[in-house]
Each structure stands twice: as C-alpha cells, then as structure tokens.
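These are the residues of each chain, in order.
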Amino acid sequence: MARVSTPEFWERLYATGGDGWELGRAAPPLVDFVETTPPARGRVAVPGCGRGHDARFLAAHGYDVTGFDFSTAAVTAARALARREGVDVAFEQRDVFTLALDHAHAFDGVWEYTCFCAIDPARRADYVRTMAAILRPGGWLLACFFPLRAQTAGPPFTVSASEIRRLFAPAFRLERAFPPLRSARARQGREWMVLARRHR
Ligand SMILES: C[S@@+](CC[C@H](N)C(=O)[O-])C[C@H]1O[C@@H](n2cnc3c(N)ncnc32)[C@H](O)[C@@H]1O
C-alpha cells in the first residue's frame, strides 16, 4: 500500500488518464448538503482536493477555502480552473499528513471526499487525528465516505460505517449520518454522508 502514499503514484494516474474518480463538477452529495443545510461559514480545508471542483463550489458559496493535494498535476489544474472561473480559493501542494505542523486549529470546517479512501488504510487513524488537529475545537467535519462496497482491490479502499464510527469516536461526535439522496451514477448506493463535530 505504501505506493499510494507517494505523490508519484497519483501523478502517474493524472498523466495517463487513470483518474477515473474525476467528476468534472462538485460532488452531488456536497451540493445537496450545502444547498439545504449549509454548515457555518468560515475557513474550510479540502484534503486531497484533486482538480478542486468541491473547493471552488464551497468558495462560491461563501466559505474561505484551502484545498490540499500533493500532486503537481492536480494543484496546477485546480489553480487554473479557479483562475478561469474567477473563484477566490487557495491551493497548497503538500502531503495532508503534514498539515498539523502549521495549520493547527486553523480551520472551522473540513470537507472530506475521496481522500480517506485514497490513502493507505493503515494510516486512517493518523488521518483522522490530523483532521482533528487542524480543526478548532467545536469545528465541523463533513464527509461523504465511499465506497461502502469494493469493486477493485483499491484505491479506492473500502470503508464501512463501523470503522468510521470507531476511528472518529476519540476526537469527534457524529451528529448526522445518512446515505446521500444523490450520488454520481457509478457511486449510487455506495456512499455514506457524515456530519461530525470535533470535541471541545
Ligand atoms: C481519488 S483522488 C480524489 C480527488 C478529489 N477529491 C475528487 O473527488 O476529485 C485522491 C486525491 O488525493 C490526493 N492524495 C492522496 N494522498 C494524498 C496525501 N497524502 N496528501 C495529499 N494529497 C493526497 C491525490 O493526489 C488525488 O488527487
């Protein structure tokens, strides 16, 4: 699994058209959530943001957004799209596991989509600790976890509700958890939406 922990692994997928996760638009579960029950505005981190469609969507809806990705191709494309659309959003090229070093308690919210399933599953507890570390006490983490059932060996690596509950329990309280009404076609029935609150 160590290969997925390197930017080179992802760089090669971007370079060879192996980016089968690309939706070309903001994720439908995020759009529905923000348009119906928007979390409090503030600084929001989007880890593993890819080309930044979700980050731009959030910025256009009044959030102060920073997207993080360690792939040059992803960040270059994300910046170009934001510029072209005139959306004010920041992108940092870096490994998300380093964020606590200089973003401790810096964010009011986190949007997680398809980063959790992209990292080495052995690092998931570390990832959750990192998200807790960059959130202020009481901050929110909105996530759409995917895939609930495997179609390939991964990535994306399978997630389960019981694992999510166990990993988030030390630092978060789950406020809402439900299957999203709308998912991208190939993901229908395999996504699980969670709104969690970082312990104070
Ligand atoms: C499956 S893609 C999803 C991209 C985006 N969230 C989307 O929905 O289009 C996973 C992304 O996470 C990035 N990524 C994976 N591990 C990372 C890490 N440790 N630090 C930063 N970015 C990472 C990859 O470069 C890739 O852009």
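Source: prediction; values computed, not measured.

**So, the overall build of the protein chain**
Okay, so step 1: Each helix and strand counted, the protein chain has 7 helices and 7 strands in total.
Okay, so step 2: In the protein chain, the succession of α and β elements from N to C terminus is α-α-β-α-β-α-β-α-β-α-β-α-β-β.
Okay, so step 3: Its C-alpha atoms give the protein chain a radius of gyration of 15 Å, near enough to 16 Å, the size a compact globule of 200 residues would have.
Okay, so step 4: The burial tally for the protein chain puts 38% of its 200 residues in the buried class.
Okay, so step 5: For the protein chain, the proportion of contacts with a sequence separation of at least 24, taken over those separated by at least 6, is 72%.

**Notes on the site of the ligand**
Okay, so step 1: Of all residues adjacent to the ligand, which total 19 residues, the nearest are Trp 10, Gly 48, Gly 50, Phe 70 and Ser 71.
Okay, so step 2: A breakdown of the residues in the shell around the ligand according to their chemical character gives 12 nonpolar, 4 polar and 3 charged.

**Side note on the environment of Ala 161**
Okay, so step 1: Mapping Ala 161 onto the fold places it in helix 7 (residues 161–168).
Okay, so step 2: Residue Ala 161 is classed as partly exposed on the basis of its C-beta count, with 13 C-beta atoms lying within 10 Å.
Okay, so step 3: Distance from Ala 161 to Val 31, taken between C-alpha atoms, is 22 Å for residues 130 residues apart in sequence.

**Some remarks on the sheet that holds strand 3 (residues 90–93)**
Okay, so step 1: Ordered in space as 3-2-1-4-5-7-6, the 7 strands form an open sheet in which the pairing is mixed. Looking at the sheet topology across the chains shown, the edges are occupied by strand 3 and strand 6 (172–178). Pairs of neighbouring strands in the sheet enclose a mean axial angle of 20°, with direction left out of account.
Okay, so step 2: Across the sheet, helix 2 (residues 28–36) lies against strand 4 (107–113), strand 5 (135–145) and strand 7 (192–198), angled at about 130° from strand 5, the strand it touches most.

**Structural notes on the pairing of strand 1 (residues 43–47)**
Okay, so step 1: With 4 of 5 residues buried, strand 1 lies mostly within the body of the structure.
Okay, so step 2: Of the strand pairs in this sheet, strand 1 and strand 2 (residues 64–69) are connected by 5 bridges, and their pairing is parallel. By the bridge assignment for strand 2, Val 46 is matched with Gly 67.
Okay, so step 3: As for the winding sense of the linkage, the β-α-β connection from strand 1 through helix 3 (residues 53–60) to strand 2 is right-handed.

**Notes on the nonpolar core**
Okay, so step 1: Grouped together as the largest cluster of nonpolar side chains are 52 residues, with contacts concentrated most on Leu 30, Val 44 and Leu 141.
Okay, so step 2: With near-sequence residues (within four places) excluded, Leu 30 lies in contact with Asp 54, Phe 57, Trp 111, Tyr 113 and Cys 144.

**Things to note about the pairing of strand 3**
Okay, so step 1: With 4 bridges joining them, strand 2 and strand 3 adopt parallel strand pairing. Its bridge partner being in strand 3, Thr 66 is matched across the sheet by Ala 90.

**A few points about the confidence of the model for the protein chain**
Okay, so step 1: Residues of the protein chain with pLDDT of at least 70 account for 100%, and the chain-wide mean is 97.
Okay, so step 2: Mean pLDDT per element in the protein chain: helix 5 (residues 99–102) is the minimum at 96, and strand 1 is the maximum at 99.

How each quantity is defined
- Residues numbered from 1 in each chain as written.
- Predicted model: local features only at pLDDT ≥ 70, side-chain atom pairs only at ≥ 80, totals over all residues.
- Helix = DSSP H or I, 4+ residues; strand = E, 2+ residues; numbered from the N terminus.
- Rg over C-alpha atoms; globule rule 2.2 N^0.38 Å.
- Buried ≥ 20, exposed ≤ 12 C-beta atoms within 10 Å, placed from the backbone.
- Contact = placed C-beta atoms within 7 Å.
- Near = placed C-beta within 6 Å.
- Nonpolar A, V, L, I, M, F, W, Y, C, P; charged D, E, K, R; others polar.
- Pairing = 2+ DSSP bridges.
- Axes fitted to C-alpha atoms, helices over the stretch in contact; angles between N-to-C directions.
- Right-handed = clockwise from strand over helix to strand, strands pointing away.
- Core = buried A, V, L, I, M, F, W, Y, C linked by C-beta atoms within 7 Å.
- pLDDT = per-residue confidence, 0-100.

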